[in-house]
Amino acid sequence: APAPAGAPSSAESAARSGGVVDGRYAWSQTPETVEVSIFVPEGTKAKAVAVEVSELRVLIAVAGERLLDGEWEFKVAPEDDPDWEVRDDPSLGRRVVRLTVRKAPMPGGLSVVVWWKRLLKGDPEIDLGKIEGRKRERTESFAKAWKEAHVQFKNSVSQRTPIPVEVGGNDPMET
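Residues numbered from 1 in each chain as written. Predicted model: local features only at pLDDT ≥ 70, side-chain atom pairs only at ≥ 80, totals over all residues. Heavy atoms only, no water.

Trainee: I would appreciate a short explanation of the overall build of the chain in the present structure.
Mentor: In terms of helices and strands, the chain carries 2 helices and 9 strands. The N-to-C order of helical and strand elements in the chain reads α-β-β-β-β-β-β-β-β-β-α. Looking at the chain as a whole, 30% of its 175 residues are labelled buried. Contacts in the chain between residues far apart in sequence, at least 24 positions, make up 55% of those at least 6 positions apart. For the chain, the accessible area works out to roughly 12100 Å², and carbon and sulfur atoms hold 53% of it. (Helix = DSSP H or I, 4+ residues; strand = E, 2+ residues; numbered from the N terminus. Buried < 20%, exposed > 50% of the residue type's maximum accessible area, 1.4 Å probe, protein only. Contact = heavy atoms within 4.5 Å. Areas by Shrake-Rupley, 256 points an atom, 1.4 Å probe, with all protein chains shown as cover.)

Given below as structure tokens:
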């Protein structure tokens with residue numbers, strides 16, 4: 001289905017929050033998901049595509065040829081039936097296999113957004129500072145608050161009175 005009017009195209013999304021790698025694929029991300037469009041030959045049908053997604057790795061092959069095979073930059077939350085499709089992407093001017101995966105939640109239930117510098121380990125990195133919507137001002141205010149809290153903690157600790165603790169000499173087992 002075509003993107004709604006006013007919605008960014010795959011190429012525009014990749015330029016803002018991902019990238020294009022060696023004419024092999026384009027990728028983009030949101031705070032929760034990663035989307036990759038793997039370039040495939042014209043006329044590729046879904047029945048010729050094999051998609052394997054695990055927490056750490058991805059493999060996409062067409063007619064037995066591995067087009068994308070590697071280790072994710074960070075863990076993903078794999079699904080039993082990964083979300084993928086074969087389609088013509090006018091913004092990229094190519095036929096693609098488009099795969100969408102969810103980023104794995106942070107351990108301990110932390111509410112932290114992890115922006116990926118690259119899709120696969122070993123691939124080229126993007127400049128995270130250019131991602132639209134990234135909350136740089138929130139990061140800066142958090143860093144300032146953390147620094148102030150650290151100063152307050154150090155002051156509090158430096159003003160504490162040491163508590164004397166006797167060591168040895170009162171052991172009931174000694175004769």
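Trainee: What should I look at first to understand the side chain of Ser37 in this one?
Mentor: Among the structural elements, Ser37 can be located in strand 3 (residues 33-40). Not counting residues up to four positions away in its chain, the partners in contact with Ser37 are Arg24, Tyr25, Ala26, Asp89, Leu92, Val96, Val97 and Arg98.

Trainee: Could you clarify how one ought to interpret the packing of aromatic side chains in this entry?
Mentor: In this description, a pair of aromatic rings is defined by centroid distance and the angle of the planes. Counted by the stated rule, this structure contains 2 aromatic pairs. Summarising the aromatic geometry, the rings of Phe74 and Trp116 are spaced 6.0 Å apart at their centres and angled 55° between planes, so their arrangement reads as tilted. Here Phe74 is found in the loop between strand 6 (65-71) and strand 7 (76-77), whereas its partner Trp116 is found in the loop between strand 9 (94-103) and helix 2 (136-158), with 42 residues between them in sequence. Residue Phe74 is classed as partly exposed on the basis of its relative accessible area of 38%. One aromatic cluster is present, formed by Trp72, Phe74 and Trp116 through successive ring pairs. (Phe/Tyr/Trp six-rings, centres within 6.5 Å; stacked < 30°, edge-to-face > 60°.)

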